[in-house]
Amino acid sequence: MALLSFPKLFNRPAKPQAVRRFDGAAGGRRGFGMGTFGRVNSEVSASGATLRSRARYLANNNPWISQAVANWAGALVGSGIVPTPKHSDADTRADLTAAFQGWADDADADGRTDFWGIQADVARGLVIDGEAFLHVLPSEDGPRLRLLPPELVDESMTRELGNGAVIVQGVEFNADGQRVAYHVLQYRPHDQFANYAPPVRVPADEILHVMKPLAAGQVRGISWLAPVILSASDFDQLCDALLMGAKVAAMHAAFLIDLNGTGGAPYDGTGQDGILETGLEPGTMKRLPTGYDVKFNTPTQLTEIGAFLRLQLQQLAAGLGLPDHLLSGDLSNANYSSLRAGLLPFRQRVEQIQYGTLAPQFLAPIWRQVVAFSVLSGDLAAPDYEAAPRAYAAEWLPPKQIQVDPLKDTQATVAELEAGLTSRRKAVAERGWALEDLDAEIAADPHKAAKESSDDT
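Everything in this summary refers to the structure shown in the same document. (Residues numbered from 1 in each chain as written. Predicted model: local features only at pLDDT ≥ 70, side-chain atom pairs only at ≥ 80, totals over all residues. Heavy atoms only, no water.)

## Describing the pairing of strand β4 (residues 159-162)
Where β4 lies against strand β5 (residues 165-168), 3 bridges are found, and the strand directions are antiparallel. Within β5, the residue paired with Arg159 across the bridge is Ile167. In this structure, the hairpin formed by β4 and β5 is closed by a connection of 2 residues, where Asn163 is found at a positive phi of approximately 60°. (Pairing = 2+ DSSP bridges. Helix = DSSP H or I, 4+ residues; strand = E, 2+ residues; numbered from the N terminus.)

Here it is in structure tokens:
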């Protein structure tokens, strides 16, 4: 066997090495033009104000986005998320519920709504602005809440303070990374114009900042409408263009065409330059001069655009995390089963935000402040509060989702109660009632008393 010469041995073509990479990070034709996303706080700082402004414009001018925002806010808080005290003593639970309900009626510092209305405002702010700020103001009757526009927390203030402390977009952190203060621009509730004034340092325990972060370490919120802002704007322009095209098409009935340039003068009563000016009525017959033909305007694009428009609405709904019908309001292709199946993942997402964002960032902190004020002011008898403050915590139960078939839903609740899978307290709280109030009202019902007396006889 002949041996390979050294030149042939070392000149063999090398095998191509396998390239290990994520295709999504590759360049070339497919990756060209795709944007990138850097550190979340840098991206939010650069784009947050613009996204918020555009989101507000769409929420107030685009009918689809306006409906989406309203449905998101309604799903998050409904008529109000109510607290259910966890204390072991029934009388103490009743006192806690009464104290908080009395405070909730006057919770708004501006006197325009109550605590349940503030919840709706916070939910709307979450969707449009991506965050909500509440200033907790002290008063003789307990803490009061005032909703702050997010732009009042100075987004331009980012700097090192030394010894590990830092301010990031108006939020001050200590060396341990804990929020210690917010730098709020001076304002009056009725101000109409922006006036420059140095921000005021407000301690963190006086501000409630509600936001759902996109990534770890995110300081300021970003509008939930960010994924659909460009698509919604394009869809708006498309609808306007189609509407204008339909208007223009409706203005033209027909066109006269001089086939060979030898057409004679128009027949009597038809106008000038070959244009019919007398109009066409049912059963009318018009005689044209020799050499003229008529072509009617046939705008076919309007008959073929429906499927494309539905696809665009589905894209907007997906970007907003909503079922299609909560954006478009169209239930023509839905049935009972498809509606329930479509709502299940949406309700899971809603519960994530209710229990992971609204409860820990907004509801539980204000409950603690109201209970502490009630104890310190003597309105609430709680001898063991200092020793065991956690015993005075509350569970927040969102209102029960509205069902298409209330009878089946009620039967399911009764079955859960009989099987020991839930309690009357939770079932009642989901309907926006306190159990003690419901029992007292039922006991005071004259119809119930009359029925019981008739049953005894």
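## Let's talk about the nonpolar core
Among the nonpolar cores identified, the biggest contains 71 residues, and Phe115 and Phe362 are the most heavily contacted of them. When residues in this core are grouped by element, the largest group, 14 residues, is from helix α11 (residues 336-376). With near-sequence residues (within four places) excluded, Phe115 lies in contact with Phe100, Trp103, Ala104, Ala107, Leu145, Phe362, Leu363, Ile366 and Trp396. Counting 14 residues, the second largest nonpolar core, distinct from the first, contains Leu152, Val171, Phe173 and Ala204. (Core = buried A, V, L, I, M, F, W, Y, C linked by side-chain atoms within 4.5 Å. Buried < 20%, exposed > 50% of the residue type's maximum accessible area, 1.4 Å probe, protein only. Contact = heavy atoms within 4.5 Å.)

## A closer look at the packing of helix α3 (residues 40-61) against helix α4 (residues 63-77)
Two numbers describe a pair of packed helices, the interaxial angle and the distance between the axes. Orientation of α3 relative to α4, taken along the N-to-C sense of each, is 95°, at an axis distance of 6 Å. Classified by the interaxial angle, the pair formed by α3 and α4 is roughly perpendicular. Seen from α3, the contacting residues are Leu58, Ala59 and Asn61; seen from α4, they are Pro63, Ile65, Ser66 and Val69. In terms of residue class, the contact of α3 with α4 is built from 5 nonpolar, 2 polar and no charged. (Axes fitted to C-alpha atoms, helices over the stretch in contact; angles between N-to-C directions. Parallel < 35°, antiparallel > 145°, perpendicular 65-115°, else oblique. Nonpolar A, V, L, I, M, F, W, Y, C, P; charged D, E, K, R; others polar.)

## Let's talk about a negative patch on the surface
On the surface, a cluster of negative charge is contributed by Asp105, Asp106, Glu140 and Asp141. Here Asp106 is to be found in the loop between α5 (90-104) and α6 (115-129). (Patch = residues over 30% accessible without salt bridge, like charges linked within 9 Å, V, L, I, M, F, W, Y side chains within 5 Å. Areas by Shrake-Rupley, 256 points an atom, 1.4 Å probe, with all protein chains shown as cover. Salt bridge = Lys/Arg side-chain N within 4 Å of Asp/Glu carboxyl O. Lys, Arg positive; Asp, Glu negative; His and termini not counted. Charge placed at Lys NZ, Arg CZ, Asp CG, Glu CD.)

## Here we look at the sheet that holds strand β9 (residues 207-211)
Backbone-to-backbone hydrogen bonds join strands into a sheet, with any given pair of strands oriented parallel or antiparallel. As summarised here, the arrangement of the 3 strands in space is β3-β2-β9, forming an open sheet in which the pairing is antiparallel. Two strands close off the open sheet at either side, each with one partner strand: β3 (144-148) and β9. Neighbour-to-neighbour, the strand axes of the sheet open up by a mean angle of 25°, direction not taken into account. Pairing geometry for strand β2 (residues 131-137) and β9, over 5 bridges, is antiparallel. When the bridges of β9 are listed, His135 appears paired with Ile207. Along the sheet, α6 makes contact with β2, β3 and β9, crossing β2 at roughly 145°.

## What about the side chain of Thr92?
The topology assignment puts Thr92 in helix α5. Assessed through its relative accessible area of 12%, Thr92 is described here as buried. If we ignore the near neighbours within four places in the chain, the residues touching Thr92 are His87 and Tyr392.

## Side note on the pattern of salt bridges
According to the stated counting rule, one finds 7 salt bridges in the structure shown. Among the salt bridges present, the one from Arg56 reaches Glu151, with a minimum N-O distance of 2.9 Å. Remark: Glu151 occurs in the loop between β3 and β4 and Arg56 occurs in helix α3; sequence separation between them is 95 residues. Between Arg146 and Asp110 there is a salt bridge, and its shortest N-O distance comes to 2.8 Å. Of this pair, Arg146 sits in strand β3 while Asp110 sits in the loop between α5 and α6, placing them 36 residues apart in sequence. Residue class for Arg146 comes out buried when judged on its relative accessible area of 17%. Residues joined in a network through salt bridges with shared partners are Arg52, Arg56, Asp129, Glu151 and Glu155.

## A closer look at the side chain of His325
Relative to the helices and strands, His325 is located in helix α10 (residues 324-328). Those residues in contact with His325, other than ones at most four positions away along the chain, are Gln67, Asp330, Leu331, Leu339 and Leu343.

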